[in-house]
Amino acid sequence: MVLFFIELATRRVEIAGIASTANGLWMSQIGRNLTDAVDGILNGKRYLIHYRDPLFTPEFLSMLAETGVKSVRLPPRSRT
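All values derive from a computational prediction rather than experimental measurement.

**Overview of the pattern of salt bridges**
Working step 1: Throughout the structure, instances matching the rule amount to 2 salt bridges.
Working step 2: Lys45 serves as the salt-bridge partner of Glu7, at 3.8 Å between the closest nitrogen and oxygen. Of this pair, Glu7 sits in strand S1 (residues 2–7) while Lys45 sits in the loop between helix H1 (24–34) and strand S3 (47–50), and the two are 38 residues apart along the sequence.
Working step 3: Close ionic contact of Glu14 with Arg12 constitutes a salt bridge, the shortest N to O distance being 2.7 Å.
Working step 4: Residue class for Glu14 comes out partly exposed when judged on its relative accessible area of 25%.

Thresholds applied
- Think of each chain on its own: its residues are numbered from 1, step by step along the sequence as written.
- The predicted nature of this model means local features are confined to residues of pLDDT at least 70 and side-chain atom pairs, given and counted, to a pLDDT of 80 or more, with totals for whole chains, interfaces and linings taken over all residues.
- Hydrogens and waters are ignored; side-chain quantities use all the structure's heavy atoms.
- Salt bridge, as applied in this entry: a Lys or Arg side-chain nitrogen positioned within 4 Å of an Asp or Glu carboxyl oxygen.
- Strands are runs of DSSP state E lasting at least 2 residues, helices are runs of H or I lasting at least 4, and numbering of each runs from the N terminus.
- Exposure classes here rest on a 1.4 Å probe applied to the protein chains alone. A residue is buried below 20% of its type maximum, exposed above 50%, and partly exposed in between.

By themselves, these figures tell us nothing about what the structure is for.
Structural data, given as structure tokens:
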């Protein structure tokens, strides 16, 4: 599994992590990396648009909210 983020304004792609098996603990670490005060890729961003995967756990989303990033989930069936 490869988790990556695309900055819409610049179309810059950032690989956040690679794992053979992803789980909530892995996503928690990704959340800490994304919101790091020094070099987190979500610094200065207001929104994270994501699909409805269970890996976007409440703990992960609360980490984002604490840094001012609002979670925007895609509507159901938007991936088909």
